[in-house]
Structure formats: structure tokens, C-alpha cells
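Listed here are the chains, written in short residue letters.
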Amino acid sequence: MQIPYLPNLIHYAIPFFILTIIIEVILTVKVKLEDYEFKDAMTSITMGLGNVFIGLFTKALILGFFTFLYKYRVFTIPFTWWAWFILLFAEDFIYYWNHRIAHESRLFWASHVVHHSSTKYNLSTALRQTWSGSFYTFIFWAPLPLLGFHPVMILMQMSISLLYQYWIHTELINKLPKWFEAIFNTPSHHRVHHATNPQYLDRNHAGIFIIWDKLLGTFEPEIEKPVYGLVSNINTHNPIKVAFIEWYYMLRDVFTSKTSFSKKVLYLFKPPGWKHDGSGKLSYHLRQEWEKNKKGDV
């Protein structure tokens, strides 16, 4: 099978990122008449540049892992239009589960929390990417090379998914046509995902297609104005702290909690907020409280 040359789309997209962020700054200040938080944006951009630099090394690791699995593939899927079409949905479905588990397991949240750490929501927020996640989250995509998708195809589709999700990080686009909102992830859907409002927590995990959330019970429409950030914000613009502070908190809980070894290990896999003594509040607890209060107001 002949393997075509496929460029690194993320590197080619960097000038586009810069241009659109500048345009968004101008529109925010001149049209929306709002201040633009440049310090927060610079933190996000720094995190993005760090992610690209680390990716120069982790891409080789990921490619090697996929290539190893590809040797044991069930089928050999060619580089044809229908293969790309199937891969579009298959990769996006895997992304949904990777993203969902990143919110439901602290080990994966430790790297993903970086993306949610900004209290602002704009195009620069899309660039606020993990420095640690690319070393281990790729295991979710293992089924694809085993099925027979070539590693180069998989990496390309992962890049396409990441690029798609760039433009949905904005408040300048309100609602798109109903048919588009029904099928695809949009700024409105993704604003919900980044919000800390109780009814919005752990909702709308979609990458490209919002249909997965609707089918699997994690969809929430944007009604109330979103409040962005974390339930407990980290209040720092230091890129090193943004990248690793949750790893510190998680490992501190593992090693210093006065409980059994088995419960210490659970700090790695239970959701964020979990405590071995039952004192912690998870996102669904906050959602239940909100629903109870809402009923009481009726």
C-alpha cells in the first residue's frame, strides 16, 4: 500500500491562529466594548507553544505505538475517500470517550484540567493545551490501528479534529442554524463544556459531532450565561503551575491521605473532588443540588 505524504496541519495553522486571535481582540474591544485579558491570553499561547514543542517528541512515541499495533491489524484499510469518511466518525467517537473520561478520572483530568483553567473564553483558550497528556492519553486510540487504519491516517485525523475545535472557542458566535447545531459541535455547545455552572458540569464532551453527547446522555443546551473556569480556580498565570499543579495535588492526596493503600490508589482513578472519607463533592453532586434548588424555586 502506497502511503501518501500528509503534512503537519497544526504547524501550517499557526499563522491562521495568530491572525484570527488578532481579529477577535479587535472585535472584542471595538465591537463588544469589553476589555481583553492579554495576560490570560499569553498564558494560553505559551501553553500552546509548549504543547507543540513537546509534540515534536511525543509524535514519534505515538507513531511508534500505533505502528506496533498496526502489525496485528484485523484489516488493511486503504487511503481512500470512504476510509477517511469512516475514520472521521470512528476517531471522533474515540475522542468523545477520551474527553469524557478525562472529566471522570483524575489521572486523565490532571492533564486535561489545563484546558479548563482559564476563566476567559476566546480563541486563545483553544491553544491552552496540556504539556503532559500527549505522553499517555493516546492509548484511547489503540483500537484504530488494530482495526486496520494506518498510523499516518490516524494522526492526520486527530489533527483535523483538533483544528476543528479551535474555532468553537469564542463568544463572538452565538447560535448557528438549527441543523448545524443538531449535528456538529459549535461555540454554543462548547461554551457549556467550559462552564462551571452546576447544570453544565461534565457536559458536551464532543469533538466534531455533538451527536455522541445526545446519544449517550451528556448533552446540555446553552441557556444560562456560562461562567468559565474551574469549580475551584487555580488563580495563576504561571505556565509551569498551570501545567502541573493538578499533578501535585493528586499525588499529594495519594501519598499523604491517612487511609488504606487501596483507597490511596483510588485518588488516581476516581473523579475530581473525590475524597476517601466521603467529604468530597463531585460534579454530579453539585448538579443534584442545583436541580433540587431549581425545583424548590418553582
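Summary of the structure given here. The structure presented is a predicted model; accordingly, all values stated were derived computationally and were not measured. (Residues numbered from 1 in each chain as written. Predicted model: local features only at pLDDT ≥ 70, side-chain atom pairs only at ≥ 80, totals over all residues. Heavy atoms only, no water.)

### Things to note about the overall build of the protein
- Along its length, the protein carries 13 helices and zero strands.
- Reading the protein from its N terminus to its C terminus gives the helix and strand order α-α-α-α-α-α-α-α-α-α-α-α-α.
- Relative to the globule expectation of 19 Å for 298 residues, the C-alpha radius of gyration of the protein, 20 Å, shows essentially globular dimensions.
- Expressed as lengths along the three principal axes of its C-alpha atoms, the size of the protein is roughly 60 × 55 × 40 Å. (Helix = DSSP H or I, 4+ residues; strand = E, 2+ residues; numbered from the N terminus. Rg over C-alpha atoms; globule rule 2.2 N^0.38 Å.)

### Details of the packing of helix H11 (residues 239–256) against helix H12 (residues 261–269)
- Interaxial distance between H11 and H12 falls to 8 Å at its minimum, and their mutual angle equals 170°. It follows that H11 is roughly antiparallel to H12 by the angle criterion. Along its contact with H11, which presents Met 250, Asp 253, Val 254, Phe 255 and Thr 256, the element H12 presents Lys 264, Tyr 267 and Leu 268.
- Residue composition of the contact of H11 with H12, by class: five nonpolar, one polar and two charged. (Axes fitted to C-alpha atoms, helices over the stretch in contact; angles between N-to-C directions. Parallel < 35°, antiparallel > 145°, perpendicular 65-115°, else oblique. Contact = heavy atoms within 4.5 Å. Nonpolar A, V, L, I, M, F, W, Y, C, P; charged D, E, K, R; others polar.)

### A closer look at the environment of Pro 7
- Considering the arrangement of structural elements, one finds Pro 7 in the segment before helix H1 (9–30).
- Spatially, the C-alpha atom of Pro 7 lies 8.2 Å from that of Met 156, the residues being 149 residues apart in sequence.
- Excluding residues within four positions of it along the chain, Pro 7 makes contact with Tyr 12 and Met 156.

### Concerning the packing of aromatic side chains
- A full pass over the atoms with the stated rule returns 25 aromatic pairs.
- Here Phe 89 and Phe 209 contribute two aromatic rings whose centre-to-centre distance is 4.5 Å and whose plane-to-plane angle is 5°, an arrangement assigned as stacked. One end of the pair, Phe 89, is in helix H3 (residues 81–104); the other, Phe 209, is in the loop between helix H9 (187–193) and helix H10 (211–216), and 120 residues separate them in sequence.
- Among the aromatic side chains, those forming a connected cluster through ring pairs are Phe 85, Phe 89, Tyr 164, Trp 167, Trp 179, Phe 180, Phe 184 and Phe 209. (Phe/Tyr/Trp six-rings, centres within 6.5 Å; stacked < 30°, edge-to-face > 60°.)

### Examining unusual backbone geometry
- A positive phi angle, near 55°, is found at Asp 202, a position not held by glycine.
- Secondary-structure assignment places Asp 202 in the loop between H9 and H10.
- Here Asp 202 falls in the buried class, since its relative accessible area comes to 19%.
- Within the chain, Asn 204 stands out as a residue other than glycine whose phi angle is a positive 55°. (Buried < 20%, exposed > 50% of the residue type's maximum accessible area, 1.4 Å probe, protein only.)

### What to know about a nonpolar patch on the surface
- A surface patch of nonpolar side chains, amounting to about 430 Å² of accessible area, comprises Leu 19, Ile 23, Leu 27, Val 31 and Leu 172.
- Mapped onto the secondary structure, Leu 19 falls in helix H1. (Patch = residues over 30% accessible without salt bridge, like charges linked within 9 Å, V, L, I, M, F, W, Y side chains within 5 Å. Areas by Shrake-Rupley, 256 points an atom, 1.4 Å probe, with all protein chains shown as cover. Salt bridge = Lys/Arg side-chain N within 4 Å of Asp/Glu carboxyl O.)

### Here's the deal with the layout of surface pockets
- Of the pockets and cavities examined, the largest pocket occupies roughly 1,200 Å³.
- Surrounding the largest pocket, 45 residues form its lining, Ile 10, Asn 51, Gln 129, Thr 130 and Leu 162 being those nearest its centre.
- Among the elements of the structure, H1, helix H2 (38–70), H3, helix H4 (106–116) and helix H7 (151–164) are those that each provide at least two residues to the lining of the largest pocket.
- No other element matches the ten residues that H2 contributes to the lining of the largest pocket.
- Counted as a void, the second largest pocket has a volume near 950 Å³.
- Breaking the lining of the second largest pocket down by element, the ones donating at least two residues are H3, H4, H11 and helix H13 (283–297).
- For the lining of the second largest pocket, the leading source of residues is H11, giving five residues.
- A per-class count over the lining of the second largest pocket returns 15 nonpolar, eleven polar and eleven charged. (1 Å grid on protein atoms, 1.4 Å probe; cavity = no way out; pocket = protein on both sides within 12 Å on 5 of 7 lines; lining within 4 Å. Points joined across faces, edges and corners; volume = space filled by probe spheres on them.)

### What about the nonpolar core?
- Formed by 27 residues in total, the largest nonpolar core has its most connected members in Phe 66, Trp 141, Leu 144, Phe 149, Met 153 and Ile 154.
- Elements represented by at least two residues in this core include exactly H2, H3, H4, H7, H11 and H12.
- Discounting chain neighbours no more than four positions away, the residues touching Phe 66 are Phe 138, Trp 141, Ala 142, Pro 145, Pro 151, Ile 154, Leu 155 and Met 158.
- Formed by ten residues, the second largest nonpolar core is a distinct cluster that contains Ile 21, Ala 41, Ala 126 and Leu 127. (Core = buried A, V, L, I, M, F, W, Y, C linked by side-chain atoms within 4.5 Å.)

Any functional reading would require information beyond the geometric quantities listed.
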